[in-house]
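Residue-level listing of the chains:
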Amino acid sequence: MFGHVGTKMGQAGGCDNGWLSKSNGKNIGLLKRMQDKVTEIDPEQKLVFLHCIIHQEVLCKSELKINHVVDVVAKIVNFIRPRALNHRQFVSLLEENETEHRDKDYHTAVRWLSLGKMLKSVWDLKEEIQDFCVKKGNGIPQLSDTDWIADLGFAVDVTALMNELNVKLQCKGLFVHELYNLVKAFMRKLQLLSTQMEDNILTHLPTLKEAAPSADHLHRDSSMLEALHGEFSRL
């Protein structure tokens, strides 16, 4: 494989294993053979295996447990957007309330970058959305639930942080050690945020701070960040 692309095994420094099957872990299969070959040429050279976190929604679905937020937000957007009459009325409502948003990010399949924008839009427009849905006979009880609102605030902030990392990782011309450093810096940030949350310090989580979550809520969110950090530690 390396011969076809002109790469010498002894010069290989890293591998993105996101395209490989889960059965090809770094201790078995192709990745193990690659490391063995590199070690044969240069015993001091170690491959750095970076899991493809561009598809990071998998991590968040398993560790952040925000499906109950995403499902409700999708329900809200799906009620407003597909119905032409409702959609026009909603745009008019936004204009009447002099908001900055003239439309909604439409959510069908969960695509992470658009999901983050959608969550932020619903957060910013939650009062207008509730008013509109009530008038249409389709009130959203979660928008009046303080615990759910806190979960939405947490989801907004965390998706924003991960989208920021995503953008950095997709910059052209980065070497593998630069990608690795970006991931490590993000992991340190997760640990810092988790610790700060336990002390009710939400400087870097402004949306969650606005939601004014309880201590129990912060403890639960802190635990999820620790779990997410654990997933990144497996890279």
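In this numbering scheme, every chain counts its residues from 1 along its sequence in written order. At least 70 in pLDDT is required for a residue's local features to be given in this predicted model, at least 80 for side-chain atom pairs to be given and counted, and no such filter applies to totals for whole chains, interfaces and linings, which use all residues. Based on all heavy atoms of the structure, the side-chain values leave hydrogens and waters out of the count.

Visitor: So what exactly am I meant to see when it comes to the side chain of Thr-207 here?
Guide: Helix and strand definitions follow DSSP, with helices as H or I runs of at least four residues and strands as E runs of at least two, each counted in order from the N terminus. For Thr-207, the location among the structural elements is in helix H10 (residues 206-211). A distance of 2.7 Å separates a polar atom in the side chain of Thr-207 from a polar atom in the side chain of Asp-157. Contacts were defined at the residue level, with two residues in contact if any of their heavy atoms lie within 4.5 Å. Apart from the residues within four sequence positions on either side, Thr-207 is in contact with Trp-123, Gly-153, Val-156 and Asp-157. Pairing of N or O atoms within 3.5 Å defines a polar contact, subject to two protein rules: one partner must be a possible hydrogen donor and the other a possible acceptor, and residues neighboring in sequence count only if both atoms are side-chain atoms.

Visitor: Looking at this structure, I do not really get the packing of aromatic side chains. What am I missing?
Guide: Aromatic ring pairs are described here by two measures, namely the spacing of the ring centres and the angle between the planes. Aromatic pairing here means that ring centres of Phe, Tyr or Trp (its six-membered ring) are within 6.5 Å. Orientation follows from the plane angle: under 30 degrees is stacked, over 60 is edge-to-face, and everything else is tilted. Applying the stated criterion across every chain yields a total of zero aromatic pairs. The criterion is that NZ of a Lys, or CZ of an Arg, lies within 6 Å of the ring centre and within 35 degrees of the ring normal, and then a charge sits over that ring. Over the aromatic face of Trp-123 sits the side chain of Lys-126, whose NZ or CZ is 3.7 Å from the ring centroid.

Visitor: Whenever I open this one, the nonpolar core confuses me. Can you help?
Guide: Nonpolar side chains in soluble globular proteins tend to be buried together. The set of buried Ala, Val, Leu, Ile, Met, Phe, Trp, Tyr and Cys residues whose side-chain atoms join them within 4.5 Å is what this entry labels a nonpolar core. Burial status follows relative accessibility: with a 1.4 Å probe on protein chains alone, a residue under 20% of its type maximum counts as buried, one over 50% as exposed, and anything between as partly exposed. In terms of nonpolar packing, the biggest core is built from 49 residues, with Val-73, Ile-129, Leu-152 and Phe-232 touching the most fellow members. Sorting elements by how many residues they give to this core places helix H8 (residues 146-169) first, with twelve residues. In this structure Val-73 touches Met-118, Leu-119, Val-122, Trp-148 and Leu-152, once residues within four positions along its chain are discounted.

Visitor: Got a minute to help me understand the environment of Lys-189 in this structure?
Guide: Within the secondary structure, Lys-189 is located in helix H9 (residues 176-198). Look at Lys-189 and you get partly exposed, because its relative accessible area is 33%. A sequence separation of 15 residues divides Lys-189 from His-204, and the C-alpha atoms of the two residues are 9.8 Å apart. Excluding residues that lie within four positions of it along the chain, Lys-189 makes contacts with Leu-161 and Glu-164.

Visitor: I keep staring at the packing of H8 against helix H11 (residues 215-233) and nothing clicks. Help me out?
Guide: When two helices pack together, their arrangement is captured by the angle between the axes and the distance separating the axes. Lines fitted to C-alpha atoms define the axes, with helix axes restricted to the stretch in contact, and inter-axis angles between N-to-C directions lie between 0 and 180 degrees. Put simply, H8 and H11 touch, their axes get as near as 11 Å, and they point 25° apart. Put simply, H8 runs roughly parallel to H11. Here H8 and H11 pass one another in a crossing that is right-handed. Contacts from Asp-147, Ala-150, Asp-151, Phe-154, Val-158, Met-162 and Leu-165 in H8 reach His-217, Arg-220, Asp-221, Met-224, Leu-225, Leu-228 and Phe-232 in H11. A class-by-class count of the residues in the contact of H8 with H11 yields nine nonpolar, one polar and four charged. Angles are sorted into four bins: roughly parallel if under 35 degrees, roughly antiparallel if over 145, roughly perpendicular if 65 to 115, and oblique for all others. With the far helix as reference, a near helix turned anticlockwise by less than a right angle produces a left-handed crossing, and one turned clockwise produces a right-handed crossing. Here the nonpolar group is Ala, Val, Leu, Ile, Met, Phe, Trp, Tyr, Cys and Pro; Asp, Glu, Lys and Arg are the charged ones; every other residue, Gly included, is treated as polar.

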